[in-house]
Amino acid sequence: MLTTIYLIAIVAEAMSGALAAGRRNMDAFGVAVIAFVTALGGGTVRDLVLGHFPLSWTQHPEYIYLVIGAGLATILLARHLHHLKRIFLVLDALGLVAFSVIGCQVALAMDYALPVVVMAGMITGICGGVLRDVLCNQVPVVFRRELYASVSLAVCALYLGLQAVGVGQQIALPAAFGLGLSLRMAALWRGWKLPTFSYRERWE
């Protein structure tokens, strides 16, 4: 189940990256790069930080074809995609949970301490979107919109907590997905977000 959701999620993330590139009037190469970075950037940053080599996507070249193909296909389908906005939001939420859990699993397999495992999950969950926004020259959405990184943190905490008390994957995974999807959808519906910090005083 996790692998299937992961594949669906990287396609959705690649398409969201392609749309972001389109808003910046990028050419086809730019679209492909942003699609790739959005879909696989989080896992790449995680692997580099943890020293997890070879990088995950280098062992699955089909992922490269999948995300770049999805990004380029978006160019042709863009005019129709606004009708699927709600579906994309759900897929994005599912992807956030899947990426976060996978990041935790990778760090756990490498015997890292709990805080590192949580950070690995969050890096996997949010860094693709952060890299996309940085490359598109805008403040990352995850730092200024509805709860997103906080959802990843909650998912990691629940998943690891259930693992710590001996709950099996057959319960821990659905519980993590249930929490993450519910929290993210509620945040979108209700406009929940963390308090913002605004500081405009100049230091002379």
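For the structure given in this document, a descriptive report is provided here. (Residues numbered from 1 in each chain as written. Predicted model: local features only at pLDDT ≥ 70, side-chain atom pairs only at ≥ 80, totals over all residues. Heavy atoms only, no water.)

1. So, the packing of helix 2 (residues 28-50) against helix 5 (residues 114-135)
Two numbers describe a pair of packed helices, the interaxial angle and the distance between the axes.
Item 1. Contact pair helix 2 / helix 5: the axes reach a minimum separation of 7 Å and the direction vectors enclose 145°. Helix 5 is crossed by helix 2, and the crossing has right-handed handedness. For the pair helix 2 and helix 5, contact is made by Ile-34, Val-37, Thr-38, Gly-41, Gly-42, Gly-43, Val-45, Arg-46 and Leu-50 and by Val-116, Ala-120, Ile-123, Thr-124, Cys-127, Gly-128, Leu-131, Arg-132 and Leu-135, respectively.
Item 2. Across the contact of helix 2 with helix 5, the residue classes break down as ten nonpolar, six polar and two charged. (Axes fitted to C-alpha atoms, helices over the stretch in contact; angles between N-to-C directions. Helix = DSSP H or I, 4+ residues; strand = E, 2+ residues; numbered from the N terminus. Left-handed = near helix turned anticlockwise from the far one by under 90°. Contact = heavy atoms within 4.5 Å. Nonpolar A, V, L, I, M, F, W, Y, C, P; charged D, E, K, R; others polar.)

2. Observations regarding the nonpolar core
Proteins that are soluble and globular tend to have nonpolar side chains buried together.
Item 1. With 49 residues, the main nonpolar core has Ile-10, Leu-40, Val-101 and Tyr-159 as its most contacted residues.
Item 2. For this core, the secondary-structure elements that each account for two or more residues are helix 1 (2-23), helix 2, helix 3 (61-77), helix 4 (85-109), helix 5, helix 6 (149-164) and helix 7 (169-190).
Item 3. Top contributing element to this core by residue count: helix 4, with ten residues.
Item 4. Look past the residues within four positions of Leu-40 in its chain and what remains in contact with it is Tyr-6, Ile-10, Trp-57, Tyr-63 and Val-67.
Item 5. Core analysis: the next-biggest nonpolar cluster, separate from the first, contains six residues, Ala-20, Ala-21, Val-31 and Ile-34 among them. (Core = buried A, V, L, I, M, F, W, Y, C linked by side-chain atoms within 4.5 Å. Buried < 20%, exposed > 50% of the residue type's maximum accessible area, 1.4 Å probe, protein only.)

3. With respect to the pattern of salt bridges
Item 1. Here the structure, examined in full by the defined rule, presents two salt bridges.
Item 2. The shortest N-O distance in the salt bridge between Arg-46 and Asp-47 comes to 2.9 Å. The pair formed by Arg-46 and Asp-47 is uniform in burial state, with each residue classed as buried.
Item 3. One salt bridge connects Arg-132 with Asp-133, and the closest N-O pair in it is separated by 2.9 Å. (Salt bridge = Lys/Arg side-chain N within 4 Å of Asp/Glu carboxyl O.)

4. Points about helix 7
Item 1. Taking 1.5 Å of rise per residue, the 22 residues of helix 7 would be expected to cover 32 Å, and the 31 Å separating its terminal C-alpha atoms lies within 8% of that figure.
Item 2. Within helix 7 the residues assigned to the buried category are Ala-172, Leu-173, Ala-176, Phe-177, Gly-180, Arg-184, Ala-186 and Ala-187.
Item 3. Looking at the buried residues of helix 7, the elements they touch are helix 1, helix 4 and helix 6. (Expected span 1.5 Å × (residues − 1).)

5. Considering the packing of aromatic side chains
Item 1. The tally for this structure, following the rule as stated, stands at four aromatic pairs.
Item 2. Aromatic side chains Phe-197 and Tyr-199 sit 6.3 Å apart centroid to centroid with 15° between the ring planes, which places their arrangement in the stacked category.
Item 3. For Phe-197, a relative accessible area of 73% gives the class exposed.
Item 4. Of the aromatic side chains, those joined through ring pairs into one cluster are Tyr-6, Tyr-63 and Phe-99. (Phe/Tyr/Trp six-rings, centres within 6.5 Å; stacked < 30°, edge-to-face > 60°.)

6. Notes on the environment of Leu-81
Item 1. For Leu-81, the location among the structural elements is in the loop between helix 3 and helix 4.
Item 2. Each C-alpha atom, one on Leu-81 and one on Met-15, is 9.6 Å from the other, the two residues being 66 residues apart in sequence.
Item 3. Excluding residues that lie within four positions of it along the chain, Leu-81 makes contacts with Met-15, Leu-19, Thr-74 and Phe-88.

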